[in-house]
Amino acid sequence: MSKIIILNGSPRKKGNTSELIKAFTRGAEGVGNTVTEFFLNGMNIRGCLGCYGGGKDPQSPCVQKDDMLKIYPAYKEADIVVLASPLYYWTISGQLKTAFDRLFAVAECDPNYNNPIKKTVLLMAAEGHEFEESEYWYDRLMKHLGWTSLGKVLCGGVTAVGDIAGKKEIEDAYLLGKSVK
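Sequence order as written defines the numbering, with residues in each chain counted from 1. The predicted nature of this model means local features are confined to residues of pLDDT at least 70 and side-chain atom pairs, given and counted, to a pLDDT of 80 or more, with totals for whole chains, interfaces and linings taken over all residues. The basis for every side-chain value is the complete set of heavy atoms in the structure, and neither hydrogens nor water enter the calculation.

1. Quick word on the packing of aromatic side chains
Cut-off, in case you're wondering: Pairs were defined over the aromatic rings of Phe, Tyr and Trp, the Trp ring being its six-membered one, requiring ring centres within 6.5 Å. Orientation was assigned from the angle between planes: stacked under 30 degrees, edge-to-face over 60, tilted for the rest. Here a strand is any run of E in DSSP of at least two residues, a helix any run of H or I of at least four, and the numbering for each starts at the N terminus. In this scheme, a residue with accessible area under 20% of its type's maximum is buried, one over 50% is exposed, and one in between is partly exposed, where area comes from a 1.4 Å probe on protein chains only.
Counted according to the given criterion, the structure contains 7 aromatic pairs. Pairing Y75 with W147 gives two aromatic rings, centres 6.4 Å apart and planes at 40°, and the pair type is tilted. Residue Y75 is found in helix α2 (residues 68-77), and its partner W147 is found in the loop between α5 (132-145) and β5 (148-155); the two are separated by 72 residues along the sequence. Just as Y75 is buried, W147 falls in that class too. Geometrically, the ring pair formed by F100 and W137 is edge-to-face, given 6.4 Å between the ring centres and 80° between the ring planes. In this pair, F100 is assigned in helix α3 (residues 94-102) and W137 in helix α5, connecting sequence segments 37 residues apart.

And the structure:
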């Protein structure tokens, strides 16, 4: 079975994005996968410095020493990386973007700056229904990294906490989790 990490970019621990994560996790763990979630908003993660100074120590790949040190080992061992975020200004949240940018330090450990090859999932919740920019970013990122997308669950029309209850996307997230191995 697979090792899965979830990078939860929502600022709300109990928001609509978290409900998608819970459903996905229930499905994934139900078929024997191991899931580790990182609630990024509760972590001390500074923005990438763009310094190209990382990659010298595989155990601590970035020159900055913050809570990314908790994510790096799980990321390197993971088979699947789940990117989970609310839709903010037509793309992923700053919390998720900041953490993802910092994963470049792991690529710096490779002399050719190759990222570890992963499978991935995108989970998003939004007030509106316009996910095109987020999907464009995600699809281009997958192509650039050489990663394989296992699927996306994009749930629009969920403004207030709890609005996602009863939406079909909860079941979609569960089934997607159940399908990954």
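2. What about the packing of helix α1 (residues 16-30) against helix α6 (residues 168-179)?
This is how it is decided: For helices, the fitted line uses only the C-alpha atoms of the stretch in contact; every axis is such a line through C-alpha atoms, and the angle between N-to-C directions lies from 0 to 180 degrees. Put simply, a crossing is left-handed when the front helix is turned counterclockwise from the back one by less than a right angle, and right-handed when it is turned clockwise. Between two residues, a contact is recorded if the distance between any of their heavy atoms is within 4.5 Å. Ten residue types, Ala, Val, Leu, Ile, Met, Phe, Trp, Tyr, Cys and Pro, are classed as nonpolar, four, Asp, Glu, Lys and Arg, as charged, and the remainder, Gly among them, as polar.
Their axes nearest at 6 Å, the elements α1 and α6 cross at an angle of 35°. Our pair here, α1 against α6, has a crossing hand that is right-handed. Residue-level contacts link E19, L20, A23, F24, R26, G27 and A28 of α1 to E169, I170, A173, Y174, L176, G177 and K178 of α6. Here the residues of the contact of α1 with α6 are counted per class, giving 8 nonpolar, 2 polar and 4 charged.

3. A short note on the pairing of strand β2 (residues 34-39)
Note the threshold: Each pair of strands is called paired provided DSSP finds at least two bridges between the two strands.
Strand direction decides the pairing type here: strand β1 (residues 3-8) and β2, joined by 6 bridges, are parallel. Residue I5 lies in a different strand from β2, and its bridge partner there is T36.

4. Describing the environment of Y174
Looking at the secondary structure, you find Y174 in helix α6. Note on Y174: relative accessible area 22%, which makes it partly exposed. Leaving out residues up to four positions away in the same chain, Y174 has contacts with A23, F24, R26 and G27.

5. Section: the pattern of salt bridges
Rules: What makes a salt bridge here is a side-chain nitrogen of Lys or Arg within 4 Å of a carboxyl oxygen of Asp or Glu, nothing more.
Evaluation of the coordinates by the stated rule reveals 8 salt bridges. Among the charged side chains, a salt-bridge network with shared partners connects E135, D139 and K152.

6. Some details on α6
Going by this rule: In this analysis, the expected span of each helix is defined as 1.5 Å times one less than the number of residues it contains. Directions are taken from the helix axis to each C-beta atom, and the arc is the one they span.
The terminal C-alpha atoms of α6 lie 17 Å apart, and with 12 residues this matches the ideal 16 Å at 1.5 Å per residue to within 8%. Among all positions of α6, only E169, A173, L176 and G177 are buried. Angular distribution of buried residues about the axis of α6 spans 100°; they occupy a single face of the element. The secondary structure elements touched by the buried residues of α6 are α1, β4 (119-125) and β5.

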